[in-house]
Amino acid sequence: VQLQVSGGGLVQAGGSLSLSCTASGRTFSRYAMGWFRQAPGKEREFVAAIKQNGGGTFYADSVKGRFTISRDNARNTVYLQMNSLKPEDTAIYYCAAGSRVINSSIRYIQSYDYWGQGTQVTVSS
């Protein structure tokens, strides 16, 4: 599975951005999809995830209520809508796919098999 990330960019605090991640192959619906981010000097951290066929969404506390993850299995694409952005949301954002992700481990980097290239999100104050 190859993951292609698009979106990102520069936005002022309070603004919105949308990220997309499109997967190659015909088995997209079998994968749980996650978004992670990594700020300079920090470890990569979980942002949001969605189970196969949209069966359940999960969010980091820091983005809950501001970010929305969704997927379109017909388009092999997962989305991350980011609203009310804050300067602390500035990071490189990555999408990931996992075929054996369970709810208890959905926030862990090690649960995911495939990763897309990162895209920079910068929020100015």
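Everything in this summary refers to the structure shown in the same document.

Definitions and limits used
- Residues numbered from 1 in each chain as written.
- Predicted model: local features only at pLDDT ≥ 70, side-chain atom pairs only at ≥ 80, totals over all residues.
- Heavy atoms only, no water.
- Disulfide = S-S within 2.5 Å.
- Helix = DSSP H or I, 4+ residues; strand = E, 2+ residues; numbered from the N terminus.
- Buried < 20%, exposed > 50% of the residue type's maximum accessible area, 1.4 Å probe, protein only.
- Pairing = 2+ DSSP bridges.

### Some remarks on the state of the cysteines
(1) Moving on: In this structure the tally under the stated criterion is one disulfide.
(2) Moving on: In this model, Cys21 is linked to Cys95 through a disulfide, with the two sulfur atoms separated by 1.9 Å. Its S-S torsion of about 45° marks the bond between Cys21 and Cys95 as right-handed, since a negative value means left-handed. On the criterion of sequence distance, the pair formed by Cys21 in strand E3 (residues 17-23) and Cys95 in strand E9 (residues 91-98) is long-range, its members being 74 residues apart.
(3) Moving on: Taking relative accessible area as the criterion, Cys21 reaches 0% and is therefore assigned buried.

### Comments concerning the environment of Val47
(1) Moving on: Within the secondary structure, Val47 is located in strand E5 (residues 45-50).
(2) Moving on: Here the alpha-carbon distance between Val47 and Arg107, two residues 60 residues apart in the chain, equals 8.0 Å.

### Here we look at the pairing of strand E4 (residues 32-38)
(1) Moving on: Of all the seven residues making up E4, six are buried; the element is thus mostly covered by neighbouring parts of the structure.
(2) Moving on: Judged from the seven bridges that link them, E4 and E9 form a sheet pairing that is antiparallel. Within the sheet, the bridge partner assigned to Arg37 lies in E9 and is Tyr93.
(3) Moving on: Note that E4 and E5 share five bridges and pair antiparallel. Paired with Arg37 across the two strands is Glu45, which belongs to E5.
(4) Moving on: Counted along the chain from E4 to the antiparallel partner E5, the turn is six residues long, and its residue Gly41 has a positive phi close to 75°.

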